[in-house]
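So the chains spell out like this:
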Amino acid sequence: MNVNDDKLGFKNQNLYLEDRRKLSITGVKQVESFNDNTIILFTVKGGLTIKGEELNISKLNLEDGNVKIDGMINGVLYTNKSSSSKGNILGKMFK
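Residue numbers restart at each chain and count upward from 1, following the sequence in its written direction. Local features in this predicted model are restricted to residues whose pLDDT is 70 or higher, and side-chain atom pairs enter the listing and the counts only when it is 80 or higher, whereas totals over whole chains, interfaces and linings include all residues. The basis for every side-chain value is the complete set of heavy atoms in the structure, and neither hydrogens nor water enter the calculation.

Novice: So what about the overall build of the protein chain? Which residues, and what values?
Specialist: Only DSSP runs of H or I with at least four residues qualify as helices, and only runs of E with at least two residues qualify as strands; both kinds are numbered from the N terminus onward. When you go through the protein chain residue by residue, the secondary structure sums to two helices and six strands. Ordered by position from N to C terminus, the α and β elements of the protein chain give α-β-β-β-β-β-β-α. Any residue under 20% of the maximum accessible area for its type is buried, any over 50% is exposed, and the rest in between are partly exposed; the area is computed with a 1.4 Å probe on protein chains only. Taken across its 95 residues, the protein chain has 31% of its residues classed as buried. Under the convention used here, a 1.4 Å probe and the Shrake-Rupley method define accessible areas, while residue burial counts only the protein chains that appear. When the accessible surface of the protein chain is split by element, carbon and sulfur atoms take 48% of a total near 6300 Å².

This is the structure:
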């Protein structure tokens, strides 16, 4: 068990997308990586990859698990919670 899991204490995870331009996410545990086209997060429900254009993290509060992202959102993809998925994401990034 991760120490952060006890500290965070939340189990719900929600996405709210407004006009494909503003994405609010709850239940975020960690931001793994980000750039203008891809943001990779770990949430209480697993890995979450956001693809788009001119992406920007406008609010980040990991204590309450809230993240707000601005930009053109083209896709959102969940991945497994297992630690093997972390390796796959990193492996894909460095190919």
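Novice: I'd love a proper account of the nonpolar core, names of residues and values included.
Specialist: Side-chain atoms within 4.5 Å link the members of a nonpolar core, which is a set of buried Ala, Val, Leu, Ile, Met, Phe, Trp, Tyr and Cys residues. Listed in full, the twelve residues of the largest apolar core are L23, I25, V28, V31, I39, L41, L48, I50, L55, V67, I69 and I73. Contributing elements (two or more residues each) for this core: β2 (22–25), β3 (28–34), β4 (38–43), β5 (46–61) and β6 (66–79). Residue contacts are counted whenever heavy atoms from the two residues lie within 4.5 Å of one another. Not counting the four nearest positions on each side in its chain, I69 is found in contact with R21, K22, L23, I25, I39, I50, L55, N56, I57 and S58.

Novice: Talk me through the environment of D64; I want residue IDs and the actual numbers.
Specialist: Structurally, D64 can be placed in the loop between β5 and β6. We classify D64 as partly exposed; its relative accessible area is 35%. A C-alpha to C-alpha distance of 8.2 Å links D64 and V28, two positions 36 residues apart in sequence. Engagement of the side chain of D64 in a polar contact is seen with the side chain of N66, the distance being 3.1 Å. Throughout this description, a polar contact denotes any pair of N or O atoms lying within 3.5 Å of each other; where both atoms belong to protein, one of them has to be capable of donating a hydrogen while the other can accept it, and for residues adjacent in sequence the pair is counted only when both atoms sit in side chains.

Novice: How would you explain the environment of N37 if you had to name every residue and give the values?
Specialist: Along the chain, the position of N37 falls in the loop between β3 and β4. Note on N37: relative accessible area 45%, which makes it partly exposed. Between the C-alpha atoms of N37 and E53, which are 16 residues apart in sequence, the distance is 5.0 Å. Apart from residues no more than four positions distant in its own chain, N37 is found in contact with I50, K51, G52, E53 and L55.

Novice: How would you explain unusual backbone geometry if you had to name every residue and give the values?
Specialist: Phi at D19 takes a positive value of approximately 55°, unusual for a residue other than glycine. D19 gets classed as exposed once you look at its relative accessible area, which sits at 67%. Unusually for a residue other than glycine, E54 sits at a positive phi of about 55°. Its place among the elements puts E54 in strand β5.

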